[in-house]
Number of protein chains: 2
Amino acid sequence: MPAVVVVHGGAWSVPDKLAKAVVDGVKMAALDGFSVLERGGTALDAVEAAVRNLEDNVTFNAGHGAVLNADGDVELDAIIMDGRTLGSGAVSSVKNIPNPVSLARAVMEKTPHLLLTSRGANLFAESIGMASVPTDTLVTANEREKWEEHRSYVAGVREDFNSKWAHDTVGAVAVDSAGNVACATSTGGIRNKMVGRVGDAPIIGCGGYADNSSGAVSCTGHGESILKVTLARLILSHMEQGKSAAESSQLALQYMGERVRGAGGVIVVSPSGQWAAEFTTVRMSWAAVAKDNLWYGLEPGERFEEALPH
Amino acid sequence: MPAVVVVHGGAWSVPDKLAKAVVDGVKMAALDGFSVLERGGTALDAVEAAVRNLEDNVTFNAGHGAVLNADGDVELDAIIMDGRTLGSGAVSSVKNIPNPVSLARAVMEKTPHLLLTSRGANLFAESIGMASVPTDTLVTANEREKWEEHRSYVAGVREDFNSKWAHDTVGAVAVDSAGNVACATSTGGIRNKMVGRVGDAPIIGCGGYADNSSGAVSCTGHGESILKVTLARLILSHMEQGKSAAESSQLALQYMGERVRGAGGVIVVSPSGQWAAEFTTVRMSWAAVAKDNLWYGLEPGERFEEALPH
């Protein structure tokens, strides 16, 4: 079976000045995830590594570089899912954790639960000896500035979140040579969100889903819209009925646009190694790596290809 | 269109001494929800009323009568969803709120978000003037006793939650005479759960889903298993493909048993007024009300019928 890793760095109106940084970032993360597969790691190991790479990169809204909520605080959401067992772990509204995807994996592997939220997620992190960091460590000077600007711009919380304000969740999907699929998604959510707001990212079937019998998906875009249509699960329902990864993604994104007027982006792999990266936002940074090639893009329809060094 | 309300009081090994109380409770709640429809309320109004009734009844694990977590505290989860718009509101891990389903509805109607968690959910409740109550108001003497007993019984958090310990989420689904469907689910979760554990109840597509184009579902049972298979969404996927409410429920519950070894129960309505109440646990209390009849049951295959007084 052909092993593949696909990552995204968020579907939104990426400004020109960030274009190079986000494309470079997703390429690096995809290569990082793929190197895990080459060293014999599982799809689950690969998506965790790729998402950690994106969380560590301040260019992206996840882990380091996350956006601030209405209180000027950082609350992070993440999920990881193993297509072999449908086992999954997630955290919502967790603070002070630089790599929420790894905390999500610990929820999956070390508790009988699937989702821990807020203080409970932090208590669990502490109980397993996972290091926490001060909030300021996660926040960039640029984000403090953007947050102040945003607060003076918006009238209140009923602002249209389908607007140009950033929704740059990160995510990864992978299939390993045994045909096992996995997904992971991580985000700081929406800038100036209400305290305790949870978006699609940590919600199974919405921000991500992985099932060896159909494939793996990670989503990004307007979280509330993704939740309403359970976007990840919807794409895999189409794939279960024999549609390709690309067609399933397009159908589901089109439905989300028509039914709830939301835009977003998705990355998908099938157990046989078919993959897709589709979006209805202005831009989405994505990259995919298989045996000999790296593909990537940012604009609609864009698909650059590079040979991998061997 | 025939209007219908169906409610459940949880799918688990209901002990004999509780049998009468849970059956009486679901009958009352279903009648309460149906009376809302008769007075011209929407399906959304009906499911909120039915679930509030169950939350107010200390027999059930939701609102008053909720179970205690590992800290001896009450953390509540709830969702409500409107099949007209796919609009939905939910709260997870909220404290001191006697009717979480109404807070969930306020999240849907008064914020741009779908899910608020923990402290953020309580801050929101405060901001809209929703009364909070001391934890002790929600906890019964019987629950304090059961919680002590449970703590001395279990070795740790890795206990098998598929066991006989209570999972009695409550829920309601309804279709009104205009063919609009809605669902609501509310729970205290699993006794002695980790702090911050969120189960299926407040998760869209898992604890509930409502879509005028297919139907409405509310789920109960082993939360982690329901999450893994996104049970509510799975049932509606079968219905979208033309299967009946009962067959779709049976297929999805059977799949959950085979794939992740979880048991549960569901109630379902279709936009045309077809309904079902199915479960794979030992017992599930449920009741359904339509124009002239009340149906109810507790044991597998049981379906009692009473004429409604007019």
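Note that the structure is predicted; figures quoted are calculated from it, not measured.

Colleague: Any chance you could break down the sheet that holds strand E5 (residues 170–175) of chain B for me, citing the residues and the numbers?
Modeller: Pairing is mixed across the open sheet formed by 10 strands, whose spatial order is E7(A)-E4(B)-E3(B)-E2(B)-E6(B)-E5(B)-E1(B)-E12(B)-E13(B)-E14(B). Each edge of the sheet is formed by a strand with only one pairing partner; in this case those strands are strand E7 (197–198) of chain A together with strand E14 (304–307) of chain B. When E7(A) meets strand E4 (residues 115–117) of chain B, the two strands line up antiparallel, connected through 2 bridges. For Arg197(A), the partnering residue across the bridge sits in E4(B) and is Leu116(B). Contacting strand E1 (4–12), strand E2 (76–82), E5 and strand E6 (181–187) of chain B, helix H2 (residues 43–56) of chain B runs over the sheet at an angle of about 160 degrees to E5(B).

Colleague: Account for H2(B), with residues named and values stated.
Modeller: Residues and elements named next belong to chain B. Between its first and last C-alpha, H2 extends 20 Å over 14 residues, near the 20 Å set by a 1.5 Å rise per residue. By the criterion of burial, H2 is predominantly enclosed, with 11 of the 14 residues buried. For H2, the elements touching its buried residues are E1, helix H1 (16–38), E2, helix H3 (100–110), E5 and E6.

Colleague: Please set out the packing of aromatic side chains residue by residue, giving values where relevant.
Modeller: Residues and elements named next belong to chain A. Tallied over the full model, the rule gives 6 aromatic pairs over all chains. Ring centres of tryptophan 275 and tryptophan 286 lie 5.6 Å apart, and the angle between their planes is 50 degrees; on these two criteria the pair is classed as tilted. Of this pair, tryptophan 275 sits in strand E11 (residues 275–279) while tryptophan 286 sits in strand E12 (residues 283–289); the two residues are 11 residues apart in sequence, bridging distant segments of the chain. For tryptophan 275, a relative accessible area of 15% puts it in the buried group. Its relative accessible area of 3% is what places tryptophan 286 among the buried residues.

Colleague: Just give me the short version of the packing of helix H2 (residues 43–56) of chain A against helix H3 (residues 100–110) of chain A, but keep the residues and values in it.
Modeller: All names here are of chain A. Where H2 meets H3, the closest approach of the two axes is 8 Å, and the angle between their N-to-C directions is 150 degrees. By the angle class used here, H2 and H3 are roughly antiparallel. From H2, Leu44, Asp45, Glu48, Val51, Arg52 and Glu55 reach across to H3, where they touch Pro100, Val101, Ser102, Arg105, Met108 and Glu109. Its residues assigned to classes, the contact of H2 with H3 comprises 5 nonpolar, 1 polar and 6 charged.

Colleague: With reference to specific residues and values, describe the confidence of the model for chain A.
Modeller: Here chain A shows a mean pLDDT of 94. Residues at 70 or above account for 95%. Across residues 155–163 of chain A, where pLDDT falls below 50, the model places 22 contacts with residues more than four positions away in sequence or in other chains.

Colleague: Tell me about the pattern of salt bridges, and please be specific about residues and values.
Modeller: Inspection of the entire model under this criterion finds 30 salt bridges over all chains. For Asp71(B), the salt bridge identified is with Arg119(A), shortest N-O distance 3.7 Å. One end of the pair, Asp71(B), is in the loop between H2 and E2; the other, Arg119(A), is in helix H4 (residues 118–127), on a second chain. The partly exposed category is assigned to Asp71(B), whose relative accessible area is 48%.

Colleague: Give me the interface of chain B and chain A: which residues, what numbers.
Modeller: Between chain B and chain A, the residue contacts involve 53 residues of the former and 53 residues of the latter. For the pairing of chain B and chain A, the buried interface totals around 3800 Å² over both sides, and the portion due to carbon and sulfur atoms is 60%. The three residues of chain B that bury the most area against chain A are His113(B), Lys228(B) and Arg259(B), which together make up 15% of that side's buried surface. Inspection of the region where chain B meets chain A yields 4 salt bridges. The tally of links between chain B and chain A comes to 18 residue pairs in polar contact (both at pLDDT 80 or more). In terms of residue count, the dominant contributor to the side of chain B that touches chain A is helix H4 (residues 118–127) of chain B (5 residues).

Colleague: Give me the UniProt feature "active site" (unreviewed entry) in chain A: which residues, what numbers.
Modeller: UniProt records the feature "active site" (unreviewed entry) at Thr169(A), using the numbering of this structure. Residue classification places Thr169(A) among the buried residues on the basis of a relative accessible area of 5%.

Colleague: Give me the lowdown on the relation of the copies chain B and chain A, citing residues and values where you can.
Modeller: For the match of chain B to chain A, the screw axis carries a shift of 0.0 Å, the RMSD comes to 0.0 Å, and the turn is 180 degrees. Those values place the two copies in the arrangement expected of a two-fold rotation axis. Most of the interface of chain B is mirrored in chain A, where 100% of its interface residues are also at the interface.

Colleague: For the UniProt feature "binding site: substrate" (unreviewed entry) in chain A, give the residues involved together with the corresponding values.
Modeller: Residue and element names in this part refer to chain A. In the numbering adopted here, UniProt assigns the feature "binding site: substrate" (unreviewed entry) to Arg197, Val198, Gly199, Asp200, Thr220, Gly221, His222 and Gly223. Examined against the element boundaries, glycine 221 turns out to sit in strand E9 (residues 215–221). For glycine 223, the location among the structural elements is in helix H7 (residues 223–229). For glycine 223, the contacting residues outside a window of four places in its chain are Arg197 and Asp200.

Colleague: Which residues make up the pairing of strand E2 (residues 76–82) of chain A, and what values go with them?
Modeller: Residue and element names in this part refer to chain A. Counting buried residues along E2, 7 of its 7 residues qualify, which places the element largely inside the surrounding structure. Inspection of the sheet shows E2 paired to strand E3 (residues 87–94) by 6 bridges, in the antiparallel sense. Among the inter-strand pairings, alanine 78 is bridged to a residue of E3, identified as valine 91. The turn linking E2 back onto E3 is made up of 4 residues, and leucine 86 within it adopts a positive phi angle of 65 degrees. Alignment of E2 against strand E6 (residues 181–187), held across 6 bridges, turns out to be antiparallel. Of the residues in E6, the one forming a bridge with alanine 78 is serine 186.

Colleague: Can you break down unusual backbone geometry residue by residue, with the values?
Modeller: At Ser118(A), a residue that is not glycine, the phi angle is positive and equals roughly 50 degrees. Mapped onto the secondary structure, Ser118(A) falls in helix H4. In this structure, Thr230(B) takes a positive phi of about 40 degrees despite not being glycine. Position of Thr230(B) among the secondary structure elements: in the loop between helix H7 (223–229) and helix H8 (231–240). Overall, the relative accessible area of 2% leaves Thr230(B) in the buried class.

Colleague: Lay out the environment of Cys206(B) with the relevant residues and their values.
Modeller: Here Cys206(B) shows up in the loop between strand E7 (197–198) and strand E8 (208–211). With 26 residues separating them along the chain, Cys206(B) and Ala232(B) place their C-alpha atoms 5.0 Å apart. Leave out the neighbours within four places in its chain, and Cys206(B) touches Ile204(A), Asp200(B), Cys219(B), Ile226(B), Leu227(B), Thr230(B), Leu231(B) and Ala232(B).

Colleague: Outline the side chain of Asp211(A), listing residues and values.
Modeller: Looking at where Asp211(A) falls in the secondary structure, it is placed in strand E8 (residues 208–211). Its relative accessible area of 2% is what places Asp211(A) among the buried residues. At 2.9 Å, the side chain of Asp211(A) forms a polar contact with the side chain of Arg259(B). Sequence-distant contacts of Asp211(A), that is, excluding residues within four places in its chain, are made with Gly83(A), Leu86(A), Val181(A), Tyr255(B) and Arg259(B).

How each quantity is defined
Residues numbered from 1 in each chain as written. Chains lettered and ligands numbered in written order. Predicted model: local features only at pLDDT ≥ 70, side-chain atom pairs only at ≥ 80, totals over all residues. Heavy atoms only, no water. Pairing = 2+ DSSP bridges. Helix = DSSP H or I, 4+ residues; strand = E, 2+ residues; numbered from the N terminus. Contact = heavy atoms within 4.5 Å. Axes fitted to C-alpha atoms, helices over the stretch in contact; angles between N-to-C directions. Expected span 1.5 Å × (residues − 1). Buried < 20%, exposed > 50% of the residue type's maximum accessible area, 1.4 Å probe, protein only. Phe/Tyr/Trp six-rings, centres within 6.5 Å; stacked < 30°, edge-to-face > 60°. Parallel < 35°, antiparallel > 145°, perpendicular 65-115°, else oblique. Nonpolar A, V, L, I, M, F, W, Y, C, P; charged D, E, K, R; others polar. pLDDT = per-residue confidence, 0-100. Salt bridge = Lys/Arg side-chain N within 4 Å of Asp/Glu carboxyl O. Buried area = accessible area lost by both parts, 1.4 Å probe. Polar contact = N/O pair within 3.5 Å; in protein donor to acceptor, adjacent residues only side chain to side chain. UniProt positions renumbered as here; feature names shortened; annotations may be inferred. Least-squares fit on C-alpha atoms with pLDDT ≥ 70 in both.

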